[in-house]
Amino acid sequence: MAKLRSLLPRESDSPEHRYFKTVIFLALGTIVLMLLAGFVTFMVTIRGPEQTMVPNVVGNDLENALVSLQEKELYPHIQLRYSSTPADKGTVLEQDPNPGAIVKAKSKIVLRVSKGSIIERIDNYVGWNIEDLEIHLKSLVSVHGPMLSIKEPVQRIFNELSEGTIISQSPEPGTEITSQTALELVVSRGPQTGTILVRDYTDMPYMEAVESLIRQNIYFTVSARDADENEKAGIVVSQNPAPDSDVPRESLHQLVITRPEDIPEGHVFGILEKSLPNYSIPANITIDAVSPEGVRETRLELRHKGGLLSVPYLEPENTVLLILIEGTERIRFTVKKEE
């Protein structure tokens, strides 16, 4: 003890000796504090992140599963695999660790997510409706990507089966798929007796006639000319087939209309004519108008089998007409006055 006290600075020490002792003890104190701080830091580090419970994300779509893991400060590791059900695509099938497990925050959670169903052999589609088949094929996945499609044009024949029913297919059911394959289908047009009685559209305002044809799902074309002296403007003046005739439902109706008069200033009347691809089943067509001020409105909605699309319009100059096929914009036309 006496030796320890002799090491401490004392009044009896010379100034140089007392200063030396003070410096030594300050250095030793600093070293001790550094060691203590390092020990505390080490203990905090080895303690690690806080623990958390793994949530149950099996059956959730991937987006919601990722949000659930993020809320728990867990990191996903995604593995893709095929499943037997097309509807499972994008859904979490399994997870590891299992729900309820206690892990450290920032741990990795393995999610096994469905890529959809696998198709390796062609099924029997005879008796299906072709619209149902198109929807079905969009849901199928192959190990090589989308492998099945419907070959265009589809052969359609009159048959006692309802319209759109698949009568035969090639390749045959059970054929293995080794590359991209197009299904050649024969589809029923319905009984040959499927006819309609043609309505009389003459003297009818042209848009009223067009809307009537659209409601009946009748294919039509429209052409316009100036009215003669004894004719009204803006009406149907002739049609083919003739009124009251009995024709197949798929017959094309051709209307001739007279140009309207008293067109508002700054507006343009015309016939929008565009050639569309032929479709195996009628496509949903939407015609929208975007005004010069940017206001967008739907003008017509109809089903069309392809070929010539012709509809009348009366719009402000510089209006943009958009033709959407199955919801996707395909054609854009700007309304201009004729030179």
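Notes on the structure follow. No experiment lies behind these values; they were computed from the predicted model shown.

## As for the sheet that holds strand β12 (residues 220-225)
The strand order across the open sheet built from 3 strands is β12-β15-β13, with neighbouring strands paired in mixed fashion. Two strands lie at the open edges of the sheet, namely β12 and β13 (236-240), each paired on one side alone. In this sheet, adjacent strand axes meet at a mean angle of 20° when their direction is disregarded.

## Examining helix α4 (residues 130-139)
What α4 keeps buried is the set I130, L133 and L137. Within α4, the buried residues cover an arc of 50° as seen down the axis, which keeps them to one side. In α4, the exposed positions angled more than 90 degrees off the buried face are occupied by I135 and K138. Of the residues flanking the start of α4, the one acting as N-cap is N129, its side-chain oxygen 2.9 Å from the backbone nitrogen of E131.

## Focus on empty space enclosed by the protein
The full count for this structure, using the stated rule, is 1 cavity of 30 Å³ or more. One number sums up the size of the largest cavity: a volume of about 30 Å³. Lining of the largest cavity is provided by L213, I214, N217, I218, F220, L302 and R303. Every element with two or more residues in the lining of the largest cavity is listed here: α5 (206-215) and β18 (296-304).

## Section: the pattern of salt bridges
Counted under the stated rule, the structure contains 12 salt bridges. Here R121 and E176 are joined by a salt bridge, their closest N and O atoms 2.8 Å apart. Within this pair, whereas R121 is found in the loop between β5 (108-118) and α4, its partner E176 is found in the loop between β9 (166-170) and β10 (181-188), the two being separated by 55 residues in sequence. Using a relative accessible area of 46% as the deciding quantity, one classes R121 as partly exposed.

## So, a nonpolar patch on the surface
Taken together, the side chains of I24, L28, I31 and L35 make up a nonpolar region of the molecular surface, amounting to roughly 380 Å² of accessible area. Residue placement: I31 occurs in helix α2 (residues 15-47).

## Things to note about unusual backbone geometry
The omega torsion across D96 and P97 is 5°, close enough to zero to call that bond cis. Tracing the backbone through its elements, the reader meets P97 in the loop between β3 (92-96) and β4 (102-104). The omega torsion across N240 and P241 is 10°, close enough to zero to call that bond cis. Residue placement: P241 occurs in the loop between β13 and β14 (246-248). One non-glycine residue, K106, adopts positive backbone phi at about 75°. Structurally, K106 can be placed in the loop between β4 and β5. With a phi angle near 70°, D244 is a residue other than glycine that sits in the positive phi range. By the secondary structure assignment, D244 is in the loop between β13 and β14.

## Regarding the packing of aromatic side chains
For any pair of aromatic rings, the description consists of the separation of the ring centres together with the inter-plane angle of the planes. Inspection of the entire model under this criterion finds 3 aromatic pairs. Measuring from centroid to centroid gives 5.7 Å for Y206 and F269, while their planes differ by 75°, and the two rings are edge-to-face. Placement of Y206 in helix α5 and of F269 in strand β16 (residues 267-276) is noted, with a sequence separation of 63 residues between them. Summarising the burial analysis for this pair, Y206 and F269 share the class buried.

## Side note on α5
Within α5, burial applies to Y206, A209, V210, S212, L213 and I214. At its buried positions, α5 is contacted by β12, β13, β15 (253-258), β16, β18 and β19 (307-316). One or two steps after α5, the chain reaches N217, where phi turns positive at roughly 55°.

## Thoughts on the nonpolar core
Y201, F220, I285, L300, L309, V311 and I323 are the most contacted members of the largest nonpolar core, which has 34 residues in total. Of all the secondary structure elements, the ones that give two or more residues to this core are α5, β12, β15, β16, β17 (283-290), β18, β19 and β20 (320-325). At 5 residues, α5 tops the list of elements feeding residues into this core. Every residue in contact with I285, bar those within four places of it in the chain, is listed here: L276, L300, E301, L302, H304, L309, I323, L324 and I325. Membership of the second largest hydrophobic core comes to 15 residues, among which are Y125, L133, I166 and L183.

Cut-offs applied
- Residues numbered from 1 in each chain as written.
- Predicted model: local features only at pLDDT ≥ 70, side-chain atom pairs only at ≥ 80, totals over all residues.
- Heavy atoms only, no water.
- Pairing = 2+ DSSP bridges.
- Helix = DSSP H or I, 4+ residues; strand = E, 2+ residues; numbered from the N terminus.
- Axes fitted to C-alpha atoms, helices over the stretch in contact; angles between N-to-C directions.
- Buried < 20%, exposed > 50% of the residue type's maximum accessible area, 1.4 Å probe, protein only.
- Arc of directions from axis to C-beta.
- Polar contact = N/O pair within 3.5 Å; in protein donor to acceptor, adjacent residues only side chain to side chain.
- 1 Å grid on protein atoms, 1.4 Å probe; cavity = no way out; pocket = protein on both sides within 12 Å on 5 of 7 lines; lining within 4 Å.
- Points joined across faces, edges and corners; volume = space filled by probe spheres on them.
- Salt bridge = Lys/Arg side-chain N within 4 Å of Asp/Glu carboxyl O.
- Patch = residues over 30% accessible without salt bridge, like charges linked within 9 Å, V, L, I, M, F, W, Y side chains within 5 Å.
- Areas by Shrake-Rupley, 256 points an atom, 1.4 Å probe, with all protein chains shown as cover.
- Phe/Tyr/Trp six-rings, centres within 6.5 Å; stacked < 30°, edge-to-face > 60°.
- Contact = heavy atoms within 4.5 Å.
- Core = buried A, V, L, I, M, F, W, Y, C linked by side-chain atoms within 4.5 Å.

Distances and angles like these do not, on their own, reveal function.
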